[in-house]
Amino acid sequence: MRILISGASGLIGRAVVEHFSAGGHEVTRLVRGGPTANRPAIWWDPTAQQLDPLPFERFDAVVHLAGENIAEGRWTAEKKARIRESRVAGTRLVAQTLAQTTHKPRVFISASASGFYGNRGEEWVDESSPPGTGFLAETCVEWEEATQAAQKAGIHTVLLRIGIVLTPNGGILAKVVPLFRVGLGGRIGSGRQFLSWISLDDLVQVIDFLILKETVAGPVNAVSPSPVRNREFTAALARVLRRFAIFPAPAWALRLVMGEMADELLLASTRVAPRRLQEAGFEFRDPQLEPTLRRLLRP
């Protein structure tokens, strides 16, 4: 296949590029800059809404992963504006460009996030559940609505609601494992909040699966079938690393340091089920947390 990938330099994008390249597919990156000698790319400027539709004529699939990192830096008004704009305006530009092409891609997979559901406490949510409230939920709603031009043009569109991605190469594990290794790990807040997670390996396979599975469109929860409470995550990680986890991070301290970001990223509880993936027959390599951590963090 001929596959176009945005956000190819990010944690997920790098893994997706490597996977499809290794599989013999022709991978092109959508980048803020020109092509290089051995890495074909299409240039775009989402801030200026500049994107040439002509090079889009040749792709079988488009995987759109670009967006400002939400976990780096305090959420100032400026930061929140960049987060929203990078997702909503960028996605709208890609969707509108695809809609203009004569030879449209067979499938358009556009990233979203499990933050769509907001803070839901003990409640199980799936793709049929309504959106939650708060900055992340509102951003996800706008983010997904930005794909409408592609959908109206008849392009098979998947809205991939991605949970917390587990890999030793970045994300949450890269941040917390060093703390746990020196004995400074612990639960966050009450520890009762649910984390909906997925291994990076499974996420890449989900994208591969959905490119080929033409019967699945619309929202798809990219999470494992086994969400865990923060205290369960903490305990499992401590066991895998053979360390104690006795230094909790109180909610008040997190709010003091991180502000609104603490409530939405660390203290919110989202218990998400991957119903549509399971109904479609997707088989997770990493359905349970502790075996996943042991595989990812083994010496």
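Everything that follows concerns the structure shown earlier in this document.
As a starting point, this report considers the structure included with it.

Here is what the cut-offs are and how they apply
Residues numbered from 1 in each chain as written. Predicted model: local features only at pLDDT ≥ 70, side-chain atom pairs only at ≥ 80, totals over all residues. Heavy atoms only, no water. Core = buried A, V, L, I, M, F, W, Y, C linked by side-chain atoms within 4.5 Å. Buried < 20%, exposed > 50% of the residue type's maximum accessible area, 1.4 Å probe, protein only. Helix = DSSP H or I, 4+ residues; strand = E, 2+ residues; numbered from the N terminus. Contact = heavy atoms within 4.5 Å. Phe/Tyr/Trp six-rings, centres within 6.5 Å; stacked < 30°, edge-to-face > 60°. Polar contact = N/O pair within 3.5 Å; in protein donor to acceptor, adjacent residues only side chain to side chain.

Looking now at the nonpolar core. I5, L160 and L210 are the most contacted members of the largest nonpolar core, which totals 42 residues. The greatest single-element share of this core, amounting to 8 residues, is contributed by helix α6 (residues 200–212). Filtering out sequence-adjacent residues up to four positions away, L210 remains in contact with V107, I109, V158, L160, V216, V220 and L277. Core analysis: the next-biggest nonpolar cluster, separate from the first, contains 18 residues, L237, A238, L289 and L293 among them.

A few words now on the environment of I198. Relative to the elements of secondary structure, I198 occurs in strand β10 (residues 197–199). I198 sits in the buried class, given a relative accessible area of 0%. C-alpha of I198 to C-alpha of I164: the two residues are 34 residues apart in sequence and 6.1 Å apart in space. Leaving out residues up to four positions away in the same chain, I198 has contacts with I164, V165, L166, L203, V206, A222, V223, S224 and F284.

Time to look at unusual backbone geometry. The phi dihedral of Q49 is positive, around 55°, even though this residue is not glycine. Looking at the element boundaries, Q49 is found in the loop between β3 (41–43) and β4 (61–64). In this structure, R242 takes a positive phi of about 55° despite not being glycine. Mapped onto the fold, R242 is located in the loop between α7 (230–241) and α8 (251–258). Relative accessible area serves as the criterion here: at 73%, R242 is assigned to the exposed category.

Aromatic rings in a pair are described by how distant their centres are and how their planes are angled relative to each other. On inspection of all chains with the given rule, the structure shows 4 aromatic pairs. Consider the rings of W75 and F135, whose centres lie 5.2 Å apart with planes at 65°: the pair is edge-to-face. Taken as a pair, W75 in the loop between β4 and α2 (77–100) and F135 in helix α3 (residues 135–145) lie far apart in primary sequence, 60 residues in all. With respect to class, W75 is no different from F135; both count as buried. Measuring from centroid to centroid gives 4.9 Å for F282 and F284, while their planes differ by 90°, and the two rings are edge-to-face.

With respect to the element layout, T91 can be found in helix α2. With relative accessibility at 0%, the residue T91 sits in the buried group. A polar atom in the side chain of T91 sits 3.0 Å from the side chain of H64. Among the polar contacts listed, one links the side chain of T91 to the side chain of W143, at a separation of 3.2 Å.

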